[in-house]
Amino acid sequence: MKQKIPFNKIYLTGNEISYIKKALKNDHLSGDGFFTEKTQKTIQNFTGCPKVLLTHSCTAALEMSALILNIKEGDEVIMPSFTFTSTANAICLRGGIPVFVDIRKDTLNIDETLIEKSITKKTKAIVVVHYAGVACEMDVVMKIARKYKLSVIEDAAQAYGAKYKNKSLGTIGDLGCFSFHESKNIICGEGGALLINKPKFYLAAEIYREKGTDRTKFLRGEINKYSWKNIGSSYLPGETTAAFLLAQIEKATWINNQRLKIWDYYHKKLFKLEKDGLITRPFVPDVCIHNAHIYYILVSKKLDRNLILRELKSFGINAVFHYIPLDSSFAGKAYGKTLGVLNNTKETASHIIRLPIWIGLNKKTQDFIIDHLESILKINS
Ligand SMILES: *Cc1c(COP(=O)(O)O)cnc(C)c1O
């Protein structure tokens, strides 16, 4: 039988069910119970961020960020176009306007040298996306933000455990957002977290998350009743989700290390194809510690990426492309603004291939993928 190699496969640490059982015994299944508290504390210790709130997705954390920063009708927010829709939606839902900027060819992150040119009187914030868990050039981004008094949101959806100059991603801007969706390294089905790096936002964040009430404060015993304080929504996950996530979070370093081994093996083995000019491999700047969320290659311009994906599939290899640039999409044109043509974004979107990466993918299977990739690329070039 022909083997089928999936692009992604979930990994379970083994403690998920026993933690969920404990949550059931606690007689508390809604949010902000024992496991929510413990998971938040664990993330705080791991990242060094003093205030973490679990959310039901990274999308929710991004939406909370837009609320906290008071993004309003007509406010402009600078971001890459090469990202997931949630990065932009969070801003558009508040009436804000995403301003799409091109990415760097090497890291596929926002080109920090283009940010300043995109600032207008209406600019309120910058959203950076740490693609594949490789950090954006945060020193430059933060310097620009300080100069123009802009807020910074880190879409660190893919970046749990990754660092920039020894700082955990998500802790450098005003707010940071993680995803624990099953497609990420650390998972709980659907889940996320908001990292709040400015004390002045702590209370507002809790209120937006708890349907506009100060219930979180009440639960801590700081007040004796809670009431409606502001607009808000429900952004907190239940205890079973938090319990599942704790089992994963506790093994985060091990999980990322396993993925890094697979990443490193691809990287070493694909050097030859890069030397032959058929592909470009990912680039990780010296100041970055990444988490091996994605192993991607960019195929040479003269190659037909979609044909290569189809041929890989015929051998059972599920490699995939990635984002349709937001500036070129229907909603991106309707709700966003783009200055000029985003050449690197366009090139990347049409030439990127993400290779299977998941715990349990062994060297033999990786060799199978690499050998077929090599022969497909050579035949087609
Ligand atoms: C996965 C992802 C999201 C969305 O995460 P959810 O937890 O599914 O809401 C947002 N931004 C980026 C860059 C992502 O990769």
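Attention here is on the structure that accompanies the text. One numbering rule holds for all chains: residues counted from 1, following each sequence as written. It should be noted that, the model being predicted, local features are given only for residues of pLDDT at least 70 and side-chain atom pairs only at 80 or more, the latter also being counted only at that level, while totals for whole chains, interfaces and linings use all residues. The side-chain figures draw on all heavy atoms in the structure; neither hydrogens nor water molecules are used.

### Brief notes about the site of the ligand
- Around the ligand, the surrounding shell holds 14 residues, and the nearest of these are Thr59, Asp155, Gln158, Ser179 and Lys184.
- As used in this structure description, the phrase polar contact means that two N or O atoms lie within 3.5 Å; if the pair is within protein, one of them must be able to donate a hydrogen and the other to accept it, and residues adjacent in sequence are counted only when both atoms belong to side chains. Contact distances for the ligand include 2.8 Å between an oxygen atom and a backbone N or O atom of Cys58.
- Contacts to the ligand include Ser179, whose side-chain N or O atom sits 2.7 Å from an oxygen atom.
- For the ligand, the protein covers 93% of the area, taking 390 Å² as the surface of the free molecule.
- A 1.4 Å probe that fits but cannot get out identifies a cavity on a 1 Å grid over protein atoms alone, an open set with protein on both sides within 12 Å along at least five of seven lines counts as a pocket, and a residue lines either if it has an atom within 4 Å of a point. The way we define it, a molecule is inside a pocket or cavity when more than half of its atoms are within 2 Å of that pocket's grid points. Of the pockets mapped on this structure, the ligand occupies the largest pocket.
- The residue makeup of the shell around the ligand, split by class, is 5 nonpolar, 7 polar and 2 charged. Being near a molecule or strand, for a residue, means having at least one of its heavy atoms within 4 Å of it. Surface accessibility in these figures is a Shrake-Rupley result with a 1.4 Å probe; residues are shielded only by whichever protein chains are displayed. Note on residue classes: Ala, Val, Leu, Ile, Met, Phe, Trp, Tyr, Cys and Pro are nonpolar, Asp, Glu, Lys and Arg are charged, and everything else, Gly too, is polar.

### Quick word on the layout of surface pockets
- Grid points are joined across faces, edges and corners, and a volume is the space filled by probe spheres set on the points. The volume enclosed by the largest pocket comes to roughly 480 Å³.
- Only runs of H or I of at least four residues qualify as helices and only runs of E of at least two qualify as strands under DSSP, and these elements are numbered from the N terminus. Elements represented by at least two residues in the lining of the largest pocket include exactly helix 3 (58–68) and helix 4 (85–92).
- Looking at which element gives the most residues to the lining of the largest pocket, the answer is helix 3, with 3 residues.
- A per-class count over the lining of the largest pocket returns 10 nonpolar, 13 polar and 5 charged.
- One number sums up the size of the second largest pocket: a volume of about 280 Å³.
- Where the lining of the second largest pocket is concerned, the elements lending two or more residues are helix 2 (34–47), strand 1 (52–55), helix 6 (202–209) and helix 7 (215–219).
- Element by element, the count of residues in the lining of the second largest pocket is highest for helix 2, at 5 residues.
- Partitioning the lining of the second largest pocket into residue classes produces 4 nonpolar, 5 polar and 7 charged.

### A short note on the packing of helix 3 against helix 6
- Every axis in this analysis is a line fitted to C-alpha atoms, fitted for helices over the stretch in contact. Angles between the N-to-C directions lie between 0 and 180 degrees. At their nearest, the axes of helix 3 and helix 6 sit 10 Å apart, and the two run at 125° to each other. Judged by the angle between their axes, helix 3 and helix 6 are oblique. Note that helix 3 runs across helix 6; the crossing there is right-handed. Residues Met64, Leu67 and Ile68 of helix 3 form the contact with helix 6, whose participating residues are Ala205, Tyr208 and Arg209.
- Counted by class, the contact of helix 3 with helix 6 contains 5 nonpolar, no polar and 1 charged residues. With respect to orientation, any angle under 35 degrees is reported as roughly parallel, any angle over 145 as roughly antiparallel, any angle of 65 to 115 as roughly perpendicular, and every other angle as oblique. Handedness of a crossing is defined here by the sense of rotation of the near helix relative to the far one, left-handed for an anticlockwise turn of less than a right angle and right-handed for a clockwise turn. For this analysis, residues touch if any pair of their heavy atoms sits within 4.5 Å.

### Regarding the nonpolar core
- Here, the term nonpolar core denotes a set of buried Ala, Val, Leu, Ile, Met, Phe, Trp, Tyr and Cys residues that are joined through side-chain atoms within 4.5 Å. The buried label applies to any residue whose accessible area, calculated with a 1.4 Å probe on protein chains only, is under 20% of its type's maximum; exposed applies above 50%, and partly exposed to all values in between. Grouped together as the largest cluster of nonpolar side chains are 51 residues, with contacts concentrated most on Ile43, Met138 and Phe180.
- No other element matches the 7 residues that helix 8 (residues 239–249) contributes to this core.
- For the domains described, the bounds stem from an automatic or database domain assignment. When we break this core down by domain, the ones giving at least three residues each are domain 1 (16–249) and domain 2 (252–380).
- Ignoring any residue separated from it by four or fewer positions in sequence, one finds Met138 in contact with Val128, His130, Val152, Glu154, Tyr164 and Ile172.
- Grouped together as the second largest cluster of nonpolar side chains are 31 residues, Ile71, Ala88, Leu175 and Leu194 included.

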